[in-house]
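Coordinate inspection notes
The chain contents come next:
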Amino acid sequence: MTPMKVNGKRTRQNPSNLRPPCPKAVHSRPYNQPALKLVIIGCGRVGSQIAANMDKAGHEVVIVDRDPNAFSRASTRGVLTREFKGDQVVGNGTDVDVLRRAGIERADGFVAVTEGDNRNIMASQIAKDVYKVPHVVARIYDPERAEAYEKLGLHTICPTIEGARHIERVLLERESR
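Quick caveat, the model's predicted, so the values are computed rather than measured. (Residues numbered from 1 in each chain as written. Predicted model: local features only at pLDDT ≥ 70, side-chain atom pairs only at ≥ 80, totals over all residues. Heavy atoms only, no water.)

Side note on the overall build of the protein chain
Across its full length, the protein chain carries seven helices and eight strands. Counting every position in the protein chain, which comprises 177 residues, the buried fraction comes to 34%. A sequence separation of at least 24 residues applies to 54% of the contacts in the protein chain between residues at least 6 apart. Accessible area for the protein chain stands at about 11,600 Å²; split by element, carbon and sulfur atoms hold 53% of it. (Helix = DSSP H or I, 4+ residues; strand = E, 2+ residues; numbered from the N terminus. Buried < 20%, exposed > 50% of the residue type's maximum accessible area, 1.4 Å probe, protein only. Contact = heavy atoms within 4.5 Å. Areas by Shrake-Rupley, 256 points an atom, 1.4 Å probe, with all protein chains shown as cover.)

Laid out in structure tokens, this is it:
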């Protein structure tokens, strides 16, 4: 690695010098809109970050994970800190009893961001079709599945597709300079 200057001093590149920190996107809700009641399935990096952001914005959040240690890991990462006012439920996000404990019957929004496409699809379909949750989003890694379920009316986010598009934009921006 070639040395570079940081604050007038020579230093070696390392990952913290190469990337800006991840922005903490916290948007406060407009004063005239009621707080949303949200159920989030999956307390990994994405789920816990969504939960923390939405909680800070004044929404009512319940996060569910089948691994009880997921919540402490999120806390250790500084995401679900003591300031988090939401609830944490241990259980499988496709289990109707667990979903009821999480308050799905009165939820305005539902997010499924576990590590498994099948679980995300199943949990989202239960939220949408059984409990009629108005806003349901599922993270689906497989682009073909994401497209198929999107056609069936399930809102999907595919990091594979979104990541590729973003990388292509960055590459093309640099090419046009």
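Quick word on the nonpolar core
Core analysis: the biggest nonpolar cluster contains 24 residues, and Val-39, Val-64, Ile-104, Phe-110 and Val-133 have the highest contact counts within it. At the level of secondary structure, the elements contributing two or more residues to this core comprise strand S3 (37-41), strand S4 (60-65), helix H4 (96-101), strand S6 (109-112), helix H5 (117-130) and strand S7 (135-139). Element by element, the count of residues in this core is highest for H5, at four residues. Those residues in contact with Phe-110, other than ones at most four positions away along the chain, are Val-39, Ile-41, Leu-99, Ile-104, Ala-123, Ser-124, Ala-127, Val-133, His-135, Val-136 and Val-137. Counting 15 residues, the second largest nonpolar core, distinct from the first, contains Val-61, Leu-80, Phe-84 and Val-111. (Core = buried A, V, L, I, M, F, W, Y, C linked by side-chain atoms within 4.5 Å.)

Describing the pattern of salt bridges
By the definition in use, this model includes 11 salt bridges. Note that Glu-147 and Lys-151 form a salt bridge whose closest N and O atoms lie 3.3 Å from each other. Pair noted here: Glu-147 and Lys-151 are both in helix H6 (residues 143-151), with a separation of four residues, about one helical turn. With a relative accessible area of 47%, Glu-147 lands in the partly exposed category. Each member of the salt-bridge network shares a partner with another, and the members are Arg-66, Glu-115 and Arg-119. (Salt bridge = Lys/Arg side-chain N within 4 Å of Asp/Glu carboxyl O.)

Considerations on the sheet that holds strand S8 (residues 155-157)
One open sheet holds the six strands; their spatial order is S5-S4-S3-S6-S7-S8, and the pairing between them is parallel. A single partner strand is all that each edge strand has here, and the edge strands are strand S5 (87-90) and S8. Between one strand axis and the next, the sheet turns through 20° on average, direction left out of account. Strands S3, S4, S6 and S7 of the sheet are contacted by helix H2 (residues 45-56), whose axis makes an angle of about 165° with S4. (Pairing = 2+ DSSP bridges. Axes fitted to C-alpha atoms, helices over the stretch in contact; angles between N-to-C directions.)

Things to note about H5
Helix length check: H5, at 14 residues, gives a terminal C-alpha distance of 19 Å against a target of 20 Å (1.5 Å per residue), a fit within 8%. Buried within H5 are the following residues: Asp-117, Arg-119, Asn-120, Ile-121, Ala-123, Ser-124, Ile-126 and Ala-127. Those residues of H5 that are buried are in contact with H4, S6, S7 and H6. Lys-132 sits one or two positions beyond H5 and adopts a positive phi of about 55°. (Expected span 1.5 Å × (residues − 1).)

Considering unusual backbone geometry
Here the phi dihedral of Lys-132 falls at roughly 55°; this positive angle occurs in a residue that is not glycine. Lys-132 sits in the exposed class, given a relative accessible area of 61%.

As for H2
For H2, with 12 residues, the first-to-last C-alpha span of 16 Å sits near the 16 Å given by 1.5 Å per residue. On its buried face, H2 sits against S3, S4 and helix H3 (69-76). One or two steps after H2, the chain reaches Gly-58, where phi turns positive at roughly 100°.

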